[in-house]
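# Inside the fold
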Amino acid sequence: MTLTRFVGVGVLALLVSASSATAATRWSVLAGTSLGVNGAPGQGGSAGSIEMSLPVEDGGWRFGVALSAADQGTARVELRDPNDGTLLGRVGDLHRWTYSLEWFGTRRLAGGRGWASDATLGFGWSRQQLDRRGSVNDAVSGALLSARLDLTHPVANGQRLGLALGWHRALLRTAADPGRSTQWATAALAWHWQRTPKE
């Protein structure tokens, strides 16, 4: 699946979910960084997601869909003048990143004095690409497992802001490229919005 098709499927999933949206629908945006990346280059980088979830009556759970991306790192090389070998500086060379579409379930663990902690488990499809200066050299798809813990506090009417720590496991074949990243963590700012009767 190409990036264009992936984005199209992700947007379609969000729109289909939004078509049945109610006042209980929660939209979430997470923006942060990837950490502890295995494989190569492995330095980590930016990470984020857009999510939509709906509650399950009398169950304490929310279920939804998430469109996510995580940077696994960029290798840098020394660039030299091809004529005289003069060092021109370091530039980005190999770059690896993963994008995914997941279904997830979230459960409220505890709350008090406005603070709330939520645990999330996700499962979906991921696509990992390795490119060199914009040209894709390798791509592989596979299932993705994830777990996350959010700690948030209300900041405005229907809005909550806090921190989210996540773990991600990509079930990818690594025989063709041992440098493929199969595990990483994320740390992000989390913003949740749920419409209230006053809105």
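Here, every reference points to the structure presented above.
First, a word on what this report is: a plain description of the structure on this page.

What counts, and at which threshold
- Residues numbered from 1 in each chain as written.
- Predicted model: local features only at pLDDT ≥ 70, side-chain atom pairs only at ≥ 80, totals over all residues.
- Heavy atoms only, no water.
- Pairing = 2+ DSSP bridges.
- Helix = DSSP H or I, 4+ residues; strand = E, 2+ residues; numbered from the N terminus.
- Polar contact = N/O pair within 3.5 Å; in protein donor to acceptor, adjacent residues only side chain to side chain.
- Contact = heavy atoms within 4.5 Å.
- Core = buried A, V, L, I, M, F, W, Y, C linked by side-chain atoms within 4.5 Å.
- Buried < 20%, exposed > 50% of the residue type's maximum accessible area, 1.4 Å probe, protein only.
- Phe/Tyr/Trp six-rings, centres within 6.5 Å; stacked < 30°, edge-to-face > 60°.

Before going further, it helps to spend a moment on the pairing of strand E8 (residues 183-194). Relative to E8, strand E1 (residues 26-35) runs antiparallel, the two being bridged by 10 bridges. Within E8, the residue paired with Gly32 across the bridge is Ala188. Pairing between strand E7 (residues 159-171) and E8: 11 bridges, direction antiparallel. Directly across from Leu163, in E8, lies its bridge partner Leu189.

Here the focus is the side chain of Thr182. Considering the arrangement of structural elements, one finds Thr182 in the loop between E7 and E8. There is a polar contact of 3.5 Å between the side chain of Thr182 and the side chain of Arg169. Thr182 has contacts with Asn38, His168, Arg169, Ala170 and Thr174, leaving out every residue within four places of it along the chain.

The subject of this paragraph is the pairing of E1. The sheet contact formed by E1 and strand E2 (residues 46-55) spans 8 bridges and is antiparallel. In the sheet register, Leu30 faces E2, and the bridge partner there is Ser49.

Turning our attention to the nonpolar core. Core analysis: the largest hydrophobic core is formed by 8 residues, namely Val37, Ala47, Ala70, Val140, Leu144, Ala170, Leu172 and Trp184. Here Leu172 is in contact with Ser126, Gln128, Val140, Ser141, Gly142 and Ser181, once residues within four sequence places are set aside.

This brings us to the packing of aromatic side chains. Counting across every chain of the model gives 3 aromatic pairs. Here Trp97 and Tyr99 contribute two aromatic rings whose centre-to-centre distance is 4.9 Å and whose plane-to-plane angle is 45°, an arrangement assigned as tilted. Here the aromatic cluster, defined as three or more aromatic residues joined through ring pairs, consists of Trp97, Tyr99 and Trp125.

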